[in-house]
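Examining the three-dimensional arrangement
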Amino acid sequence: MPRILEIPVTPGREDVVAWHFNRNMIFSVRSAYQCQWESKFGPRCSSMLASSAARSQVWKRLWKLHVPGKIKIFGWRVLHGFIPCQAVLANRHISATSGWPMCQHGAEDTKHLLFTCDRAKAVWSAVDIWGMISSLLSTDRSGSIILEEIIRRGEEVRSLDIGMAELVLVGS
């Protein structure tokens, strides 16, 4: 108690409650959960994008891609985990089914939707980039982390004269 009383208070200023863990400074259950998650597992659990500068580069590259705005928004939603696939909905107690309705194989999450579904594999094989994608799948990563890495690398598919990130986002 004595230490609390030693905290200097500026005279004439009203004391306010502020939550310093989100931009609007207002407490929400979501921001508290995110704060707890980060304190337990670290920010984003990404070994590939350890610095905020690298993360900032991904955002800059995403918005500079030569694709329509709605495709960029789709990429933004994937990177934030906002694609309403069955796994995400089940985690939020919204959906009862867990399988991907197109193929009935595997949990429907962004990784499956974009990369590991048989239909997605067929698309990536047809445009001859399955080898590059499968190398990214060799370690256990989420679909958003894989997409982050594709955007961060900024590689081009020379045979098609298009960026790998543009191809993956448009092909998805």
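Use the structure listed above.
This one's a predicted model, so the numbers in the text were calculated from it and none came from an experiment.

A few words now on the overall build of the protein chain. Helices and strands together make up the secondary structure of the protein chain, namely ten helices and two strands. Secondary structure of the protein chain in N-to-C order comes out as α-α-α-α-α-α-α-α-α-β-β-α. The burial tally for the protein chain puts 30% of its 172 residues in the buried class. In the protein chain, 45% of the contacts between residues at least 6 apart in sequence involve partners at least 24 apart. Carbon and sulfur atoms provide 57% of the accessible area of the protein chain, an area that totals close to 11800 Å².

Buried together is how nonpolar side chains tend to be arranged in soluble globular proteins. One finds Phe115, Ile129, Ile133, Ile150 and Val168 to be the most contacted residues of the largest nonpolar core, which totals 27 residues. Of all elements in the fold, only helix H3 (52–64), helix H4 (69–80), helix H6 (110–116), helix H7 (118–126), helix H8 (130–136), helix H9 (143–153) and helix H10 (164–171) reach the threshold of two or more residues within this core. It is H10 that provides the largest number of residues to this core, a total of five residues. In this view, isoleucine 133 contacts Phe115, Trp124, Met164 and Val168; residues no more than four positions away in its chain are not counted.

Glancing now at the environment of phenylalanine 82. Within the secondary structure layout, phenylalanine 82 lies in the loop between H4 and helix H5 (86–91). Residue classification places phenylalanine 82 among the partly exposed positions, given a relative accessible area of 22%. Between the alpha carbons of phenylalanine 82 and threonine 110 there is a distance of 9.5 Å; along the sequence they are 28 residues apart.

Quick look at the pattern of salt bridges now. Taken as a whole and judged by the stated rule, the model has three salt bridges. Of the charged contacts, one joins glutamate 149 and arginine 152 as a salt bridge, the two residues approaching to 2.6 Å between their closest N and O atoms. Taken as a pair, glutamate 149 and arginine 152 lie in helix H9 at a separation of three residues, close to a single helical turn. By relative accessible area, which is 4% here, glutamate 149 ends up buried. Relative accessible area serves as the criterion here: at 31%, arginine 152 is assigned to the partly exposed category. Put simply, arginine 153 and glutamate 149 hold a salt bridge, and the shortest N to O gap is 2.8 Å. Placement of the pair is arginine 153 and glutamate 149 together in helix H9, with a separation of four residues, close to one helical turn.

This part takes up the packing of H9 against H10. Their axes nearest at 8 Å, the elements H9 and H10 cross at an angle of 145°. Contacts between H9 and H10 pair Leu147, Ile150 and Ile151 from the former with Met164, Ala165, Val168 and Leu169 from the latter. When the residues that make up the contact of H9 with H10 are grouped by side-chain class, the tally is seven nonpolar, no polar and no charged.

Geometrically, a packed helix pair is captured by the angle between its two axes and the distance between the axes. Two numbers describe how H4 lies on H9: the axes approach to 8 Å, and their chain directions differ by 130°. Considered as vectors, H4 and H9 are oriented oblique to each other. The element H4 and its partner H9 pack so that their crossing is left-handed. Contact residues: H4 offers Gly75, Val78 and Leu79, while H9 offers Ser144, Leu147, Glu148 and Ile151. Residue composition of the contact of H4 with H9, grouped by class: four nonpolar, two polar and one charged.

Conventions used here
Numbers given to residues run from 1 along each chain, matching the order in which its sequence is written. Local features in this predicted model are restricted to residues of pLDDT 70 or higher, and side-chain atom pairs are both shown and tallied only at a pLDDT of 80 or more, whereas totals for entire chains, interfaces and linings draw on every residue. Derived side-chain values reflect all non-hydrogen atoms in the structure, with water molecules and hydrogen atoms excluded from consideration. Strands are runs of DSSP state E lasting at least two residues, helices are runs of H or I lasting at least four, and both sets are numbered from the N terminus onward. Burial classes follow relative accessibility: with a 1.4 Å probe on protein chains only, a residue under 20% of its type's maximum area counts as buried, one over 50% as exposed, and anything between as partly exposed. A contact between two residues is defined here by any heavy atoms of the two lying within 4.5 Å. Here, Shrake-Rupley sampling with a 1.4 Å probe gives the accessible areas, and only protein chains in the shown set may cover a residue. Nine residue types can take part in a nonpolar core, namely buried Ala, Val, Leu, Ile, Met, Phe, Trp, Tyr and Cys, and a core is a set of them joined through side-chain atoms within 4.5 Å. When a carboxyl oxygen of Asp or Glu lies within 4 Å of a side-chain nitrogen of Lys or Arg, that pair is called a salt bridge. Axis definition: a line fit to C-alpha positions, over the contact stretch in the case of helices; interaxial angles, taken between N-to-C directions, run 0 to 180 degrees. The nonpolar class holds Ala, Val, Leu, Ile, Met, Phe, Trp, Tyr, Cys and Pro. Asp, Glu, Lys and Arg form the charged class, and all remaining residues, Gly among them, are polar. Our angle categories are set so that under 35 degrees counts as roughly parallel, over 145 as roughly antiparallel, 65 to 115 as roughly perpendicular, and the remainder as oblique. For any helix crossing, the convention is left-handed if the near helix is rotated counterclockwise from the far helix by under a right angle, and right-handed if that rotation is clockwise.

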